[in-house]
Amino acid sequence: MDEILTNWLLGLIAALLAVLVLDSTGQPFLDPLAPVANVLALVTFLAFVILTGAFLVYTASFRRE
């Protein structure tokens, strides 16, 4: 399961980097990809927030009172 999640997140990051590279080549190449880039950015951000929250909950479960 860890490998699937890692590969998925790395794929999202690679797609975002590809959009940045296309942005440097010029606007005509980027216009059709703008909606896809927005969705990828949103999904990547939400995945980061969810993973960070899950990590914090996981580490809090080891807290001793």
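It should be noted that the structure appears before, not after, this text.
One structure accompanies this document, and this report is about it. (Residues numbered from 1 in each chain as written. Predicted model: local features only at pLDDT ≥ 70, side-chain atom pairs only at ≥ 80, totals over all residues. Heavy atoms only, no water.)

1. What to know about the overall build of the protein chain
What counts is decided by this rule: Each helix corresponds to a stretch of at least 4 residues labelled H or I by DSSP, and each strand to a stretch of at least 2 residues labelled E; elements are numbered beginning at the N terminus. Throughout, the radius of gyration refers to the C-alpha atoms, and the reference size of a globule is 2.2 Å times the residue count to the power 0.38. Any residue under 20% of the maximum accessible area for its type is buried, any over 50% is exposed, and the rest in between are partly exposed; the area is computed with a 1.4 Å probe on protein chains only. Throughout, the Shrake-Rupley method with a 1.4 Å probe supplies accessible areas, and for residues the shown protein chains are the sole cover considered.
For the protein chain, the helix and strand inventory stands at three helices and zero strands. Mapped from its N terminus to its C terminus, the protein chain presents α and β elements in the order α-α-α. For 65 residues, the compact-globule formula gives about 11 Å, and the C-alpha radius of gyration of the protein chain, at 16 Å, lies well above that figure. Summarising its shape, the C-alpha atoms of the protein chain cover approximately 60 × 20 × 15 Å along the three principal directions. When the 65 residues of the protein chain are sorted by exposure, 14% land in the buried category. In the form shown here, the protein chain has an accessible surface area of approximately 5,400 Å², with 73% of it arising from carbon and sulfur atoms.

2. With respect to the environment of Ala-60
With respect to the helices, strands and loops of the structure, Ala-60 is situated in helix H3 (residues 34-60). Given a relative accessible area of 46%, Ala-60 falls into the partly exposed group. Each C-alpha atom of the pair Ala-60 and Glu-3 lies 24 Å from the other, and the pair is 57 residues apart in sequence.

3. Topic: the packing of aromatic side chains
This is how it is decided: For Phe, Tyr and Trp, where Trp contributes only its six-membered ring, two rings pair if their centres lie within 6.5 Å, and the inter-plane angle classes them as stacked under 30 degrees, edge-to-face over 60, or tilted in between.
Tallied over the full model, the rule gives one aromatic pair. An angle of 90 degrees between the planes, with centres 5.0 Å apart, marks the rings of Tyr-58 and Phe-62 as edge-to-face.

4. Quick word on the environment of Gln-27
By secondary structure assignment, the location of Gln-27 is in helix H2 (residues 27-30). What makes Gln-27 partly exposed here is its relative accessible area of 46%. Along the backbone, Gln-27 and Arg-64 are 37 residues apart, and their C-alpha atoms lie at a distance of 55 Å.

5. Looking at the side chain of Thr-44
Heads up, the condition is: Here a residue-residue contact requires only that any non-hydrogen atoms of the pair lie within 4.5 Å.
With respect to the helices and strands, the residue Thr-44 is situated in helix H3. Beyond its immediate sequence surroundings of up to four residues, Thr-44 is in contact with Leu-12 and Leu-16.

6. Concerning H3
Put simply, the rule reads: Here the expected span of a helix is defined as 1.5 Å times the quantity of residues minus one.
Counted at 1.5 Å a residue, the expected span for H3 with its 27 residues is 39 Å, and the 39 Å between its end C-alpha atoms agrees. Listing the buried residues of H3 in full gives Ala-37, Leu-40, Thr-44 and Ala-47.

7. Quick look at a nonpolar patch on the surface
Our working definition: Surface patches are drawn from residues lacking salt bridges whose relative accessible area is over 30%; two like charges belong together within 9 Å, two nonpolar side chains (Val, Leu, Ile, Met, Phe, Trp, Tyr) within 5 Å. We count a salt bridge whenever a side-chain nitrogen from Lys or Arg sits within 4 Å of a carboxyl oxygen from Asp or Glu.
A surface patch of nonpolar side chains, about 620 Å² in accessible area, is lined by Leu-42, Phe-45, Leu-46, Phe-48, Val-49 and Ile-50. Note on placement: Phe-45 falls in helix H3.

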